[in-house]
Each structure stands twice: as C-alpha cells, then as structure tokens.
Amino acid sequence: MNIDTKVINGQKIASIIKDQIKDVINQAYPETVGLAVISLGNDEASQIYVRNKQKACDYVGIKSQIYNFEANTPLEDILELIDVLNNSHSVDGILIQLPLPAHINPRDLISAIDFKKDVDGFSKESLAGLITGDTVFKSCTSLGIIELLKYEKIKISGKKCVVVGRSNIVGKPLALMLLNEDATVSICHSKTDNLIDEIKTADILITAIGQPKFITGDMIKPGAVVIDVGINRDINQKLCGDVDFDSCFGIAGYITPVPGGVGPMTVAMLLKNCLTAANLKI
Ligand code: GUN
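Residues numbered from 1 in each chain as written. Predicted model: local features only at pLDDT ≥ 70, side-chain atom pairs only at ≥ 80, totals over all residues. Heavy atoms only, no water.

Draft legend 1. Quick look at the environment of Asp108. Relative to the helices and strands, Asp108 resides in helix H4 (residues 106-110). What Asp108 contacts, discounting residues up to four positions off in sequence, is Leu75 and Leu79. (Helix = DSSP H or I, 4+ residues; strand = E, 2+ residues; numbered from the N terminus. Contact = heavy atoms within 4.5 Å.)

Below is the structure:
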C-alpha cells in the first residue's frame, strides 16, 4: 500500500488560532482575561502541560495564575480556593490539572467550579450540554480534534468514526461531538470484543488510550484519517502516541504526529474557552 499520507500540522494550526485570539484580546478586551490553574503534586507530565498553558496565556495576553499544592493537601483547602476563585471578578476560567493524587476524587473539585468558569468543559453542565446541544464549554482536546478535521476540510458527516478510549475528558465528549457533526460513531475500549475488526472499519480513527504505538498500519483502513491523542514514552523514553506513526504512514490518508498534533490544539482551545468565559461576564 502506498498512499500519499498527509501529516496534519497541529502546531501550525494552533499557532494560527492563537494569533487570532491574541488579536481579539488586543482589540476588543477592555479588561484582562484571567485563567486560574490548580495543580497538585509534582507529576512530570502535568508540570509540562501547565507550563505550556501558562506560556500560551502569556503569548495571547491572558493573565494566568498557577496554584500548585502539595500532593497531600486536604480536599477542603482546595475547595476553599475554588470558592475564592469562583467569586473573583478577575478570574474568568478555572481548571484543575489532571490526574490528581489518589485521595482526591476529581469530581469533588470539578463540581465545585462555577460552571460559567469551567473552561476545561468537564463540569456536569458542560458534558450534559453536549447531549442537549447547548453546551457553553466543549472539552478542549475534543474541540481541538473537531477543529483540526474542519481545518483540513475532512468530511465528518456520514463517516464512520471509531473512538478508542472512553474517558470523560476525551472519549465520551468527542464521541458526542462527532455525533453532533452527523458522523456514525463507535466508542471502543479495553473490553471491546474484536477491537481490531472495529478499528479497521474507521474512516476516522481517534485513539486516546495511553498505550505506546498500539495502533499499527495493518489495523487501519487504507486512506483512514488517524488522530492520535496519546502522549506516551516508547522503550527508548522518546515521546510517542498511541499510533505507530511509521507503520501507518503510507496507509493512512491523514495522520497527526506526536508531538505536534493534537496537543497544541488542546491548549489553543483552552484559550478560546477563556475568551468565551470572559464574554459571559460582559
Ligand atoms: N490532563 C490531561 N489533559 C488534560 C486537560 O485537557 N485538562 C486538564 N485539566 N487536565 C488534563
């Protein structure tokens, strides 16, 4: 099989979006847009993500405040901070960086955030709105994937989309968003019978499973659009996705690289959601 695979440059598309957001903030915002980021512990990946979010905020002119707690901080202390941030006029968006230490249930913190400041799109109101069609904040990774597909003018309507991974932060919201775009959607996971047969049916395959290079070229339909949400380390400690890029290249129609694919879009969508949150206040 030798298909001319197009590599989707998420870094470039995210840069274009960030520049648009920067212009809007420069021209239209009388007050500073503010984002509060809460993280616990010192998970290496989370620290990198938080730093990337902070840098992106600086770039577009959003004022970010980072609250880093010790891993063993009691839940009540963080709830107290969330209450202050919910009531702060200078804070438009609040996010809790995941994963959290085992003694804290993420829902306990996420449900404490005022849903009008839920820029991650993880609140019950945001998730339910994906079903009723009136959500204010769509989860950033899922929204970023839809934007990537639209930017590349990839038809979603009528297509068979297979989402591998059923998390509340990617798999489930993304499946609903694809359905809202008139796709036919399957959600697969670790217990799916005949997973590989299912993957092979995908016109658009999205993987968010955290298994390095799990998807190989022989598993995909020739010409499929392959979107890789995974950020893993391979046996040489090199960053890689859930997709074995090399074996899919030449079989996929489109593919996102890791790094430089979905990751930068997640950050760009967070900035977009911050603007939406600031608009709610005006
Ligand atoms: N951890 C991994 N991805 C995300 C994300 O999109 N938002 C938050 N808050 N935490 C994450």
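Draft legend 2. Quick peek at the side chain of Asp228. Its place among the elements puts Asp228 in strand S8 (residues 225-228). A polar contact is formed between the side chain of Asp228 and the backbone nitrogen of Asp242, at a distance of 2.8 Å. Among the polar contacts listed, one links the side chain of Asp228 to the backbone nitrogen of Val243, at a separation of 3.0 Å. Sequence-distant contacts of Asp228, defined by excluding residues within four places in its chain, comprise Thr207, Gly241, Asp242, Val243, Thr256, Val258 and Val262. (Polar contact = N/O pair within 3.5 Å; in protein donor to acceptor, adjacent residues only side chain to side chain.)

Draft legend 3. Representation of the site of the ligand. If you check the shell around the ligand, you find Lys53, Leu95, Ile96, Gln97, Leu98, Asp120, Phe122 and Thr266 and nothing else. Within the contact set of the ligand, a nitrogen atom lies 2.7 Å away from a backbone nitrogen or oxygen of Ile96. One nitrogen or oxygen atom from the main chain of Leu98 is found 2.9 Å from a nitrogen atom belonging to the ligand. Protein chains bury 83% of the 280 Å² of accessible surface belonging to the ligand in isolation. Here the shell around the ligand is composed, by residue class, of four nonpolar, two polar and two charged. (Near = heavy atom within 4 Å. Areas by Shrake-Rupley, 256 points an atom, 1.4 Å probe, with all protein chains shown as cover. Nonpolar A, V, L, I, M, F, W, Y, C, P; charged D, E, K, R; others polar.)

Draft legend 4. Structural view of the packing of helix H1 (residues 10-28) against helix H10 (residues 262-281). Axis separation between H1 and H10 bottoms out at 8 Å; the angle between their running directions is 20°. One finds that H1 runs roughly parallel with respect to H10. When the axes of H1 and H10 are compared, the crossing they make is left-handed. Contact residues: Gly10, Gln11, Ile13, Ala14, Ile17, Lys18, Ile21, Val24 and Ile25 in H1; Pro264, Met265, Ala268, Met269, Leu271, Lys272 and Leu275 in H10. Among the residues making up the contact of H1 with H10, the classes are represented as twelve nonpolar, two polar and two charged. (Axes fitted to C-alpha atoms, helices over the stretch in contact; angles between N-to-C directions. Parallel < 35°, antiparallel > 145°, perpendicular 65-115°, else oblique. Left-handed = near helix turned anticlockwise from the far one by under 90°.)

Draft legend 5. Examining the packing of aromatic side chains more closely. Under the counting rule described, the total for this entry stands at one aromatic pair. Taking the centre distance of 5.9 Å and the plane angle of 25° together, the rings of Phe245 and Phe249 count as stacked. Take Phe249: its relative accessible area is 41%, and that puts it in the partly exposed class. Looking at Lys22, its charged tip hangs above the ring of Tyr59, at a distance of 4.2 Å from the centre. Above the ring of Phe115, the side-chain terminus of Lys116 is found at 5.2 Å from the ring centroid. (Phe/Tyr/Trp six-rings, centres within 6.5 Å; stacked < 30°, edge-to-face > 60°. Buried < 20%, exposed > 50% of the residue type's maximum accessible area, 1.4 Å probe, protein only. Lys NZ or Arg CZ within 6 Å of the ring centre and 35° of its normal.)

Draft legend 6. Main features of the sheet that holds strand S4 (residues 93-96). The strand order across the open sheet built from three strands is S3-S2-S4, with neighbouring strands paired in parallel fashion. Two strands bound the open sheet, and with one partner strand each, they are strand S3 (62-69) and S4. Adjacent strand axes in the sheet meet at a mean angle of 15°, parallel and antiparallel pairs treated alike. When strand S2 (residues 33-40) meets S3, the two strands line up parallel, connected through eight bridges. Residue pairing in the sheet places Ser39 in a bridge with Asn68 of S3. Contacts from helix H2 (residues 44-60) reach S2, S3 and S4, with the element oriented near 160° to S3. Against the sheet, helix H3 (residues 75-86) makes contact with S2, S3 and S4, and its axis sits at roughly 175° relative to S2, the strand it touches most. (Pairing = 2+ DSSP bridges.)

Shape descriptors only; they carry no functional weight alone.
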